[in-house]
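Spelled out, the chains give:
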Amino acid sequence: MPATIHPSAFVDPGAELGDAVVVGPCAVIESDVTVGEGTRIDAFAVIKRYTSLGRDNHVHSHAVVGGEPQDLKFHGEVSRLVIGDRNSIREFATLHRGTEGGGGETRIGSDNLLMAYVHVAHDCVVGNGVIMSNNATLAGHCLVGDGAIIAGLSAVHQFARVGTHAFVGGMSGIAQDLPPWMLAVGNRAAVQSPNIVGLRRARASQELVSAFKQAFRLVWHSGLPRPDALDQLEAEYGHLSEILDFVRFVRESPRGILPGEARHRDE
């Protein structure tokens with residue numbers, strides 16, 4: 001089935017549209033764009049140059065996908081935004097392509113929900129199954145792991161990482177790395193606890209839940225030097241791949257991880 005393009009839409013002859021693509025009224029698709037089979041581009045959405053969308057995506061009205069980076073070091077060079085399959089990109093979201101200094105590519109995986117007014121800046125890497133709620137923002141060079149949730153009005157500092165299945169509470173500022181399966185919230189966010197709800201939704205075993213509770217205690221509240229805390233955690237639960245991923249994430253963190261929430265002295 002060929003693409004269906006509304007008469008008022010503008011589709012550059014240099015764009016490639018797959019079968020069953022639907023382009024709504026007044027939408028704009030520039031040259032050097034690839035749109036995969038079954039993707040829907042709603043009214044007034046804009047797909048800028050050097051953007052690639054996989055199949056069965058839905059770009060809602062007024063979203064701008066593939067815009068030039070907001071980076072003073074960018075001078076118009078060719079760079080790309082690569083998006084996977086089955087993503088929902090809601091109204092007024094802005095997704096920017098990469099820069100030369102960041103490898104030239106912004107990459108978004110599959111099965112993500114990017115709600116209204118979400119911003120994904122240049123050179124970010126967003127995994128699969130990620131939810132970014134309204135007005136959530138990634139600065140340049142951020143990495144978001146699979147299954148992470150970033151709640152509304154939250155912002156992630158440039159070069160920071162949000163680990164697999166981590167949860168960022170609403171109106172939070174993430175200035176350092178948030179390890180996998182942890183929950184953080186606050187104006188300058190601190191780690192509050194393991195992401196227990198996320199673990200339950202993932203049908204994690206009781207042993208894995210206990211392991212992440214122990215990880216939280218050892219890393220943030222034991223008083224042990226962090227290398228010693230990680231060594232102890234690995235010794236106790238190193239047979240669990242999720243714990244090994246957590247340990248590796250913390251050890252390799254280039255910015256350092258978020259602090260833990262301060263506890264009252266009488267607790």
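You'll find the structure just up there.
Every chain is numbered on its own, with residues counted from 1 as its sequence reads. Confidence filtering applies because this is a predicted model: local features only for residues at pLDDT of at least 70, side-chain atom pairs given and counted only at 80 or more, and all residues used for totals across whole chains, interfaces and linings. Side-chain figures throughout are based on the complete set of non-hydrogen atoms in the structure, without hydrogens or water.

### Here's the deal with the pairing of strand E15 (residues 105–108)
Working note: regular strand, side chains alternate between the two faces of the sheet.
Then step 1. Only one face of E15 is buried, namely the one carrying Thr106 and Ile108, since none of Glu105 and Arg107 on the opposite face is buried.
Then step 2. Pairing of strand E12 (residues 80–83) with E15 involves four bridges; the strand directions are parallel. By the bridge assignment, valine 82 is partnered in E15 with arginine 107. Burial classes follow relative accessibility: with a 1.4 Å probe on protein chains only, a residue under 20% of its type's maximum area counts as buried, one over 50% as exposed, and anything between as partly exposed. Numbering goes from the N terminus for both helices and strands, where a helix is a DSSP run of H or I of at least four residues and a strand is a run of E of at least two. Note: two strands are recorded as paired if DSSP finds a minimum of 2 bridges between them.

### Re the pattern of salt bridges
Then step 1. Throughout this description, the term salt bridge denotes a Lys or Arg side-chain nitrogen within 4 Å of a carboxyl oxygen of Asp or Glu. Inspection of every chain in the model, using the stated rule, returns 14 salt bridges.
Then step 2. Close ionic contact of lysine 48 with glutamate 30 constitutes a salt bridge, the shortest N to O distance being 3.1 Å. Of the two residues, lysine 48 sits in the loop between strand E8 (46–47) and strand E9 (51–53) while glutamate 30 sits in the loop between strand E5 (28–29) and strand E6 (33–35), which places them 18 residues apart along the sequence.
Then step 3. Residue classification places lysine 48 among the partly exposed residues on the basis of a relative accessible area of 27%.
Then step 4. The closest approach of N and O atoms between glutamate 37 and arginine 55, which form a salt bridge, is 3.6 Å. A residue pair is termed long-range when its members are at least 10 positions apart, and glutamate 37 in the loop between E6 and strand E7 (40–41) and arginine 55 in the loop between E9 and strand E10 (58–59) qualify at 18 residues.
Then step 5. Residue class for glutamate 37 comes out partly exposed when judged on its relative accessible area of 37%.

### Brief notes about the nonpolar core
Then step 1. Core analysis: the largest hydrophobic core is formed by 67 residues, its most contacted members being Leu138 and Phe246.
Then step 2. Looking at this core, the elements with two or more residues in it are E6, E12, strand E27 (182–185), helix H2 (206–221), helix H3 (226–237) and helix H4 (241–251).
Then step 3. The element best represented in this core is H2, accounting for nine residues.
Then step 4. Those residues in contact with phenylalanine 246 that lie beyond four places of it in its chain are Pro179, Pro180, Met182, Phe212, Ala215, Val219, Trp220, Leu230 and Leu233. In plain words, nonpolar cores are sets of buried Ala, Val, Leu, Ile, Met, Phe, Trp, Tyr and Cys residues tied together by side-chain atoms within 4.5 Å. The contact definition used throughout considers only heavy atoms, calling two residues in contact when any of these lie within 4.5 Å.

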